[in-house]
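Breakdown of the fold
Listed here are the chains, written in short residue letters.
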Amino acid sequence: MILINRLRTALAVAAVIVAPSVGTVLAAPPAPAPAAAAARPATVRDLFAVMPARQRRELAAGRPGAVGNLDGAPVTLRYEANRRSMLAAGIDRPDGDFLLFDPRGRGRVAQVFGDLSTARRIAVLVPGMTNRLANFWRGVGGRSYRSPAVQAAELQRAGAGSGGFAVIAWLGYDTPQGFDEAGRADLARAGAAELERFVAGLVAVRPRATIALLGHSYGSAVIGQAAPRLPAQVTDIAVFGSAGMGVDDVAGLGTGARVWAGQSDQDWVRWVPAVRLFGLGLGAKPAGPGFGARVFATADVHDHDHYLSPGTDSLAALARIAGDLP
């Protein structure tokens, strides 16, 4: 058993050491996210639990691009590593708390709102098409209400009354950049693997917290692909503006979590065909009567992008779901 444990530790160390730092990836072509080759989050957690504090700091300083993206590593250490990586990349956002930063390709980033170290409830917001690192803060098309960071901040403020509530804007996958990509599940499947790992990392460091996953637009398809393999800590899944989750009904998701859905009558997504044929389409609309989700109010949402806008019924409903409020 001792030999096995040592081997596991060695593998975890190797995963950290060989992962590229941001200093080397800035000039490199797009590559798979660091999570793909790393050790299991629970193994990473156990490794850092026995690592001396000085060694932790040295590792984060020397390999920030690896440590910052390492699911299962201590939260505050990842924050510090990602601040270093962002400054090195010329991104002036060091004051935020980030569990992910990778400037390669379309970019990956995950920003935390609230105190994750004490949260009893964690909500992960998964955005949809045309989001990427370049518009994560300013919003798609320069419209701030389309920014995952702005939306997550609004959600956290709306649910702050529950106490111990944190929200993460998770752009941890390549979103579709056009309707040709959005009509297929390929990117959703790839994103689901990254989301599963990210959630496993949250469970590793905050095992007593419960988790809600919120998916906007194509983000709901990512959650749909991940649903059968999510841990029991995920108690709620809420999707809005969804063209489909890749299944025909709630039972097809294979999850014990409560499933919620909302779609405005003024959302253009209502015109997307609810089909899956020859690799095209994402299946039934989650807010439809035959899907079986718990439908929440969206009457005052006037388009595809204002579900998390202040003052809307949908934000109030999503804050209750995300914060696990009555």
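Here the structure is a predicted model, which is why all the values come from computation and not from measurement.

Focus: the pattern of salt bridges
Under the defined criterion, the tally for this structure stands at 16 salt bridges. Arg 78 is paired through a salt bridge with Asp 71; the nearest N and O atoms lie 3.2 Å apart. For Arg 78, a relative accessible area of 4% gives the class buried. Given a relative accessible area of 4%, Asp 71 falls into the buried group. Of the charged contacts in the structure, one is a salt bridge between Glu 154 and Arg 157, with a shortest N-O distance of 3.3 Å. In this pair, Glu 154 and Arg 157 both sit in helix α7 (residues 148–158), 3 residues apart, roughly one turn of the helix. For Glu 154, a relative accessible area of 19% corresponds to the buried category. A relative accessible area of 52% places Arg 157 in the exposed class.

A short note on helix α3 (residues 41–49)
Buried within α3 we find Pro 41, Thr 43, Val 44, Leu 47 and Phe 48. Axial view of α3: buried residues confined to an arc of 155 degrees, hence all on one face.

What to know about the nonpolar core
Leu 99, Leu 116, Val 124, Ile 168, Trp 170 and Leu 195 are the most contacted members of the largest nonpolar core, which totals 49 residues. Element by element, the count of residues in this core is highest for helix α9 (residues 186–205), at 7 residues. Setting aside its immediate chain neighbours within four residues, Trp 170 contacts Leu 100, Val 109, Ala 110, Val 124, Leu 125, Val 126, Pro 127, Gly 191, Glu 194, Leu 195 and Phe 198. Within the second largest apolar cluster, 33 residues are counted, among which are Phe 98, Leu 155, Val 167 and Ala 169.

Quick word on unusual backbone geometry
Non-glycine residue Ser 217 carries a positive phi angle of around 55 degrees. With respect to the helices, strands and loops of the structure, Ser 217 is situated in the loop between β5 (210–216) and α10 (219–226). Here Ser 217 falls in the buried class, since its relative accessible area comes to 8%. Positive phi values are uncommon outside glycine, yet Asp 324 reaches one of about 55 degrees. In this fold, Asp 324 is placed in the segment after α11 (313–323).

Side note on the pairing of β5
Counting buried positions along β5 yields 6 of 7 residues, so the element is predominantly enclosed. Direction of pairing for strand β3 (residues 121–126) relative to β5: parallel, over a ladder of 6 bridges. When the sheet's bridge partners are listed, Ile 122 is paired in β5 with Ile 211. Both β5 and strand β6 (residues 234–240) contribute to a ladder of 6 bridges, which runs parallel. What sits directly across from Ile 211, in β6, is Val 234. One crossover worth recording links β5 to the parallel β6 by way of α10, and it is right-handed.

Definitions and cut-offs
Residues numbered from 1 in each chain as written. Predicted model: local features only at pLDDT ≥ 70, side-chain atom pairs only at ≥ 80, totals over all residues. Heavy atoms only, no water. Salt bridge = Lys/Arg side-chain N within 4 Å of Asp/Glu carboxyl O. Buried < 20%, exposed > 50% of the residue type's maximum accessible area, 1.4 Å probe, protein only. Helix = DSSP H or I, 4+ residues; strand = E, 2+ residues; numbered from the N terminus. Arc of directions from axis to C-beta. Core = buried A, V, L, I, M, F, W, Y, C linked by side-chain atoms within 4.5 Å. Contact = heavy atoms within 4.5 Å. Pairing = 2+ DSSP bridges. Right-handed = clockwise from strand over helix to strand, strands pointing away.

Taken by themselves, the reported measurements are silent on function.
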